[in-house]
Amino acid sequence: MDPHHKSSALSPNELHQAVASEAKEFEKAYRWIEEHFPPAFLEEIEPSTRVLIARNLLSFKLQDQFSQIHLKDRAIILCNDAPDADLNILKKYTNYAIRYYRSFISNEPLEKNQAKLRISLLIFREPTKDVEEKLDPAKKAEVQNLVKSRNPNLSEGEIESLLHHLTPRFLRSMTQERLAMALDMFFRAQTRDLCQYEIKRNEDWKSKKAPSLQLVMAWRNVPTARFLSRLAQTAASHGLAIRKIVAAYVEPYSTQSVLILSLGLHGLKGNAAWEETDIDDFLEEIVLLKYFETNDVVTEIFVKPGLLRGNEAHLVRNFASFTHQVLVHGDPNLYSYDHVMEGLCRHPELTVLLCRMFEKKFHPQNRDLTAFEELRKQAVDSIEKLDTGQAVNDMRRKNILKQALIFTTHCLKTNVYRHNKSAFAFRLDPTYLEQVPYDRTNKFPEIPYGIFFIRGMHYLGFSIRFKDLARGGVRTVTPERMEQYATERNNIFSEAYNLALTQQKKNKDIPEGGSKTAILLEPYEVFTEEEQMYAREMELEETDPHVLEEKLKIYRRRHKLEYLYASQRSYIENLMALINCDDDGKLRTKDILDDWKRPEYIYLGPDENMFNDMLMWIVNYSVECKYKPGRAFMSSSPKSGLNHKEIGVTSFGVNVFLHEALVHIGINPEKDPFTIKISGGPDGDVAGNELHILATRYPNTAKLLALTDVSGTINDPKGLDWHEIDRLFIEGLPINRYPP
């Protein structure tokens, strides 16, 4: 503002003229909106909201032609229509749970030589019960009949519960055909983790002035934070624009939440969607959105410049994860995960070459082993010639690229080219360990029979066995903090390897060899955004702070368990895709090329963080898939086997060893005092049963000085109370429940 400018109050006459002028401009803007937007806009946007829009239209230029109207439960955006308009809008609302999104475009621009006006409506929360819009009785009866006709076994109560979550706005915005598709997807999603979807081409999109492609999907437990913006970003990367989104959350924030989503898609250049992109490739990437983060350096280096497609970029992330697991044992600093990723990104042309090589070996439609061999030779030669004049960095990057190449040559089968999956799974020839750039015999003295590597949403894992016929436990490692996760990530392969090898030595006199599955989960804090959004919604509803905190505790407890179960289900499902075969060894899963070409019958057992509900699910899933081992796929199932924890079979063996070791050094454990420290809690399988044995067999001679488990650590130089320790074991409680 000019410091020499003097302002004065408007006179009554000037004020009257200003108000009259403003009123005239406002009326003009309001009439323009009603005249130039489609009838659907007038049905969707009530007059009071149109007034707000008209007011903001007056200052549209002053707001850089991007005006945001924020209300308590919604937002309205005014902007110029453009191919990336949806993406730009949704980017600004990444931390909102968008229940409904719809855009309307004027039939003429506001001014000549300008773009048409786009008005987008975003709804974050549905109305409270006292102001809730009621569903028209005729429409309600229509929907009830539709649901009943397609799902005759549903009770009236189940149908009523569903309708409670499907708002009139959602039902009104869908044609009966699309609604029928959405409901079918919903009922499928209730019992499946994978995305359930159907697409429909609108061949007459020009005459109807509608989006050319309709995608209807339902998905369990989809993160609300950033999901729609990532969806728009993925669509844009495939040359598609989102014209309409209609969403409904059934049982939001519960562990059984289902997102029902209907999207209207069209080509960014104005052509039909299928004329501007490969629809199958787009769908293959969309169904991974829930599971994998894509806003990373791989997208920046490979996808945005067009070196790789989004689906191909996932292979780079798999290269990085596996290569880190191999090289970290040579030097954890030189080959940290970040350094491995840098090595793959520093020379993108070589990494792209490796991706092309992988495709020629495993793509069901593009397999060409002659081309694969030519690319392999080219890659070997190019990596060897890599020279930037920085010897240490060149050596590091060469080793990284070589291991990614060896990963491809030693991979025997993979689900990478399946259309719908929750994780990437690979069966590897373990002789890749012969080609590590360090002394393998110090770290991994024996070569296993088989190795599976699986990477999913916030987890990675290995299944390692030392004989064709082998059995071993499935343990899930759940670090509490990212710092702990970083340490565990460096050791997860060696943990699985060493436990499997130990089991192999223990089993030397029986037919079954040793194996172990180890799954590492990222800390639950990766879901912090979701919890914060839930808390914010309760605050907006003016929930009592004490009630809010209690609800958050329940939410956290339930979702932690569901995170564990979902990760374990995903691991088993994707492992099953690589092993479920006919008697001749032919895999039953489509789109997987198998260079192993023989049956693999895997046998699992329970271990850390494997609970009865999941044991039952694994057994039932094996039977459902008609996997030949059937219920024997997982031992210790409550209804089809001996429960290891109840019997304490492993702990009896541990105690025999302990007893004999003490006798060997001159201590009679039944008469002489001895002290013990244990890693593992009273609620665990091995540690819990061993504590019970100690408490019952040596209550007067054994002194428990210290114990640590995932819940905490305890120490008492005088010895912990055996009565309390045994009580915790019987009640299945961790050590943090020990009385102070």
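Coordinates for the structure precede this section.
Residues numbered from 1 in each chain as written. Predicted model: local features only at pLDDT ≥ 70, side-chain atom pairs only at ≥ 80, totals over all residues. Heavy atoms only, no water.

*Asks:* Give a detailed account of empty space enclosed by the protein, specifying residues and quantitative values.
*Replies:* For the structure shown, the criterion picks out five cavities of 30 Å³ or more. Along the walls of the largest cavity sit 27 residues, with N221, V222, M457, F527 and H559 positioned nearest its centre. Among the elements that make up the lining of the largest cavity, the one with the highest residue count is helix α22 (residues 545-579) (nine residues). The class makeup of the residues in the lining of the largest cavity is 13 nonpolar, eight polar and six charged. Estimated volume of the second largest cavity: approximately 80 Å³. Surrounding the second largest cavity, F452, S463, I464, R465, A470, S515, K516, T517, I602, Y603 and L604 form its lining. Secondary-structure elements contributing two or more residues to the lining of the second largest cavity are β12 (459-465), β14 (513-521) and β15 (603-606). Across the lining of the second largest cavity, the residue classes tally to six nonpolar, three polar and two charged. (1 Å grid on protein atoms, 1.4 Å probe; cavity = no way out; pocket = protein on both sides within 12 Å on 5 of 7 lines; lining within 4 Å. Points joined across faces, edges and corners; volume = space filled by probe spheres on them. Helix = DSSP H or I, 4+ residues; strand = E, 2+ residues; numbered from the N terminus. Nonpolar A, V, L, I, M, F, W, Y, C, P; charged D, E, K, R; others polar.)

*Asks:* Explain helix α21 (residues 528-540) to me, and be specific about the residues and the numbers.
*Replies:* For α21, which comprises 13 residues, the first-to-last C-alpha distance of 18 Å matches the rise-based estimate of 18 Å (1.5 Å per residue) to within 8%. All buried positions along α21 are accounted for by E530, E531, M533, Y534, A535, E537 and M538. Buried positions along α21 lie against α22. Positive backbone phi, at 60°, marks E542, one or two positions downstream of α21. (Expected span 1.5 Å × (residues − 1). Buried < 20%, exposed > 50% of the residue type's maximum accessible area, 1.4 Å probe, protein only. Contact = heavy atoms within 4.5 Å.)

*Asks:* Can you break down the packing of helix α16 (residues 348-362) against helix α17 (residues 369-384) residue by residue, with the values?
*Replies:* At a closest axis distance of 8 Å, the pairing of α16 and α17 adopts a crossing angle of 155°. Considering their axes alone, α16 and α17 lie roughly antiparallel with respect to each other. At the point where α16 passes α17, the crossing takes the left-handed sense. Facing L350, L353, L354, R356, M357, K360 and K361 of α16, the residues of α17 in contact are L369, A371, F372, L375, R376, Q378, A379, S382 and I383. (Axes fitted to C-alpha atoms, helices over the stretch in contact; angles between N-to-C directions. Parallel < 35°, antiparallel > 145°, perpendicular 65-115°, else oblique. Left-handed = near helix turned anticlockwise from the far one by under 90°.)

*Asks:* Any chance you could break down the packing of aromatic side chains for me, citing the residues and the numbers?
*Replies:* Scanning the model with the defined rule gives 39 aromatic pairs in all. Seen from their ring centres, Y96 and F124 are 4.6 Å apart, and the 35° between their planes marks the pair as tilted. Separated by 28 residues along the polypeptide, Y96 in the loop between α4 (85-91) and β3 (100-109) and F124 in the loop between β4 (116-123) and α5 (137-150) bring together distant segments of the chain. Given a relative accessible area of 32%, Y96 falls into the partly exposed group. (Phe/Tyr/Trp six-rings, centres within 6.5 Å; stacked < 30°, edge-to-face > 60°.)

*Asks:* I'd like a description of the layout of surface pockets, backed by residues and values.
*Replies:* Of the volumes computed, that of the second largest pocket is approximately 1,300 Å³. Around the second largest pocket, the lining comprises 39 residues; the ones closest to its centre are K208, K209, A210, P211 and R243. Looking at the lining of the second largest pocket, the elements that each hand over two or more residues are α2 (39-44), β3, β4, α8 (176-189), α9 (205-208), β7 (240-250) and β8 (258-267). Sorting elements by how many residues they give to the lining of the second largest pocket places β3 first, with six residues. For the lining of the second largest pocket, the residue count by class is 13 nonpolar, 11 polar and 15 charged.

*Asks:* Which residues make up the pattern of salt bridges, and what are the values?
*Replies:* Across all of its chains, the model carries 45 salt bridges by this definition. In this structure, R118 engages D86 in a salt bridge whose closest nitrogen and oxygen atoms are separated by 3.0 Å. Here the residue R118 occupies a position in strand β4, and D86 occupies one in helix α4, the gap between them amounting to 32 residues. A residue is classified by how much of its surface remains accessible, and D86, at 3% relative accessible area, is buried. Linking K304 and E300 is a salt bridge whose minimum nitrogen-to-oxygen distance equals 2.7 Å. With relative accessibility at 42%, the residue E300 sits in the partly exposed group. When salt bridges with common partners are traced through the structure, they connect K413, R427, R465, D468 and E600 into a single cluster. (Salt bridge = Lys/Arg side-chain N within 4 Å of Asp/Glu carboxyl O.)

*Asks:* Help me get a handle on the nonpolar core, residues and values and all.
*Replies:* Generally speaking, nonpolar side chains in soluble globular proteins are found buried as a group. Judged by nonpolar contacts, the single largest core of 155 residues is most densely connected at L261 and F462. A per-element tally of this core places α22 first, with 13 residues. Residues within four places of L261 in sequence aside, it is in contact with L215, V216, M217, F227, L228, L231, I245, V246 and A247. Within the second largest apolar cluster, 47 residues are counted, among which are W32, I33, L162 and F187. (Core = buried A, V, L, I, M, F, W, Y, C linked by side-chain atoms within 4.5 Å.)

*Asks:* Give me the sheet that holds strand β5 (residues 196-201): which residues, what numbers.
*Replies:* Spatially, the eight strands line up as an open sheet ordered β1-β2-β4-β3-β7-β8-β6-β5, and their pairing is antiparallel. For this open sheet the edge positions go to β1 (66-70) and β5, each flanked by a neighbour on one side alone. For this sheet the average axis-to-axis angle between neighbouring strands, irrespective of direction, equals 15°. In this structure, β7 lies alongside β8, joined through 10 bridges in antiparallel fashion. Opposite L240, over in β8, you have G267 as the bridge partner. (Pairing = 2+ DSSP bridges.)

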